Amino acid sequence: MKVVRLKYSHSEPLFYKSSLKTVEASNLESARLILSGDVCCGFTPVTLAAEYGLPVVARVAIYSDGPIISSRLFKGRGVGYAAVEDTTVSARALKVTLGVELATVKSLEGAFEKFAGVLVIGDLALKLVDRGTPYVADVGEVWRDKFGTPLVYAVFATSPRADRREVIQAVEAIENSVSYFYENPTPLVESVATKLSISRNLTEQYFRVVKYFCTQRVIRGLELQTKIMNLKDISLL
């Protein structure tokens, strides 16, 4: 059994203390790995889970209930707006909350000179925040301000051919890993801060705002989110 994990630091607590065999992937790659059956299950953006009709286990997810820090529209010096190419959820969230149209950029080279704002996600966004880079909006914050619900970035989806027992075993291993992290977050916080060369305080703050366990409020928010973003209905297991 192989499980796909997203390549950003928000995934660290999910697999911190599990023996799962993982395949690391970008947001865009993750859904294709699940759909093809190359992995049994794992995390993928909610937009792609809906697009490909992947069943979702609504016990764990990657979401925020307010500011997320790692997904921000940073200020530039040009005109118009752009997003790094590996984001689908945050780009849609900004479109429906702020009404902005986003071009796609493969890298940040020259982007801040060309555009008035650039949507950056993941570890690179954390590095920009650590440097004090000015920003226009935090995606999780503007979403909750407008709709009053959490914003789900990634869900735990399964391959149509996956063994249900293996999927549940993977979910339980992830739940146990997150629980272990919450009991003693310091070692992982220090490790991520060192790896990214960002402050420990920012890393601690980040792991307080990124959330993993699904509650009924999160599930209701996810159902509303799919409607707001005009996504296909998601099949929840």
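Before reading on, note that the structure itself is shown above.
Residues numbered from 1 in each chain as written. Predicted model: local features only at pLDDT ≥ 70, side-chain atom pairs only at ≥ 80, totals over all residues. Heavy atoms only, no water.

(A) Examining empty space enclosed by the protein more closely. This model, assessed by the stated rule, comprises three cavities of 30 Å³ or more. There is about 220 Å³ of room inside the largest cavity. In terms of lining, the largest cavity is formed by 19 residues, of which the most central are His-10, Asn-27, Ser-90, Ile-121 and Tyr-153. Breaking the lining of the largest cavity down by element, the ones donating at least two residues are helix 4 (89-98) and strand 10 (151-158). In terms of residue class, the lining of the largest cavity is built from ten nonpolar, eight polar and one charged. (1 Å grid on protein atoms, 1.4 Å probe; cavity = no way out; pocket = protein on both sides within 12 Å on 5 of 7 lines; lining within 4 Å. Points joined across faces, edges and corners; volume = space filled by probe spheres on them. Helix = DSSP H or I, 4+ residues; strand = E, 2+ residues; numbered from the N terminus. Nonpolar A, V, L, I, M, F, W, Y, C, P; charged D, E, K, R; others polar.)

(B) Main features of the packing of helix 4 against helix 7 (residues 139-147). One can describe the packing of helix 4 onto helix 7 by two numbers: an axis separation of 10 Å at closest approach and a directional angle of 45 degrees. The pairing of helix 4 with helix 7 is recorded here as oblique in orientation. The element helix 4 and its partner helix 7 pack so that their crossing is left-handed. For the pair formed by helix 4 and helix 7, the contact residues are Ser-90, Ala-93, Leu-94, Val-96 and Thr-97 on the first element and Val-139, Val-142, Trp-143, Lys-146 and Phe-147 on the second. Its residues assigned to classes, the contact of helix 4 with helix 7 comprises seven nonpolar, two polar and one charged. (Axes fitted to C-alpha atoms, helices over the stretch in contact; angles between N-to-C directions. Parallel < 35°, antiparallel > 145°, perpendicular 65-115°, else oblique. Left-handed = near helix turned anticlockwise from the far one by under 90°. Contact = heavy atoms within 4.5 Å.)

These values are about where atoms sit, not about what they do.
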